[in-house]
Amino acid sequence: MNATVGDHLVVHGKTVGEADREGVITEVHGADGGPPYMVRFEDGHTGLVFPGPDAVVVHQ
């Protein structure tokens with residue numbers, strides 16, 4: 001998984017009916033665009049994310 005600042009990270013819900021979470025990547029801490037990423041989510045929460053298999057990067 002590779003990302004740059006400004007890309008979006010989408011984390012899919014883990015159970016039926018759980019909404020996806022989407023946020024903007026504000027910092028990339030890994031080598032060559034790899035995780036972890038600092039992400040500002042739609043609800044205003046900001047956190048360091050180590051994305052799992054339920055997450056995808058949408059390049060902007």
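Here the structure is a predicted model, which means the values were calculated and not measured.

A two-sided burial pattern is seen for strand β1 (residues 8-11), the buried positions comprising H8 and V10 on one face and L9 and V11 on the other. With four bridges connecting them, β1 and strand β5 (residues 55-58) associate as antiparallel partners. Note on β5: the bridge partner recorded for L9 is V57.

Now for the sheet that holds strand β4 (residues 46-49). Two modes of strand pairing occur in sheets, parallel and antiparallel, and in both the strands are linked by backbone hydrogen bonds. Taken together, five strands build an open sheet; the order of strands is β4-β3-β2-β1-β5 and the sheet is antiparallel. Pairing within the sheet leaves two strands with one partner each, and these edge strands are β4 and β5. In this sheet, adjacent strand axes meet at a mean angle of 35° when their direction is disregarded. Where strand β2 (residues 21-28) and strand β3 (residues 37-41) come together, five bridges link them in antiparallel fashion. Within β3, the position partnered with V28 by the bridge is Y37.

For the structure shown, the criterion picks out zero aromatic pairs. Positioned above the aromatic ring of F41 is the side chain of R21, whose terminal nitrogen or guanidinium carbon lies 4.0 Å from the ring centre.

Its location among the elements puts F50 in the loop between β4 and β5. Considered as a pair, F50 and V28 are 22 residues apart in the sequence and their alpha carbons are 11 Å apart.

Conventions we followed
Residues numbered from 1 in each chain as written. Predicted model: local features only at pLDDT ≥ 70, side-chain atom pairs only at ≥ 80, totals over all residues. Heavy atoms only, no water. Buried < 20%, exposed > 50% of the residue type's maximum accessible area, 1.4 Å probe, protein only. Helix = DSSP H or I, 4+ residues; strand = E, 2+ residues; numbered from the N terminus. Pairing = 2+ DSSP bridges. Axes fitted to C-alpha atoms, helices over the stretch in contact; angles between N-to-C directions. Phe/Tyr/Trp six-rings, centres within 6.5 Å; stacked < 30°, edge-to-face > 60°. Lys NZ or Arg CZ within 6 Å of the ring centre and 35° of its normal.

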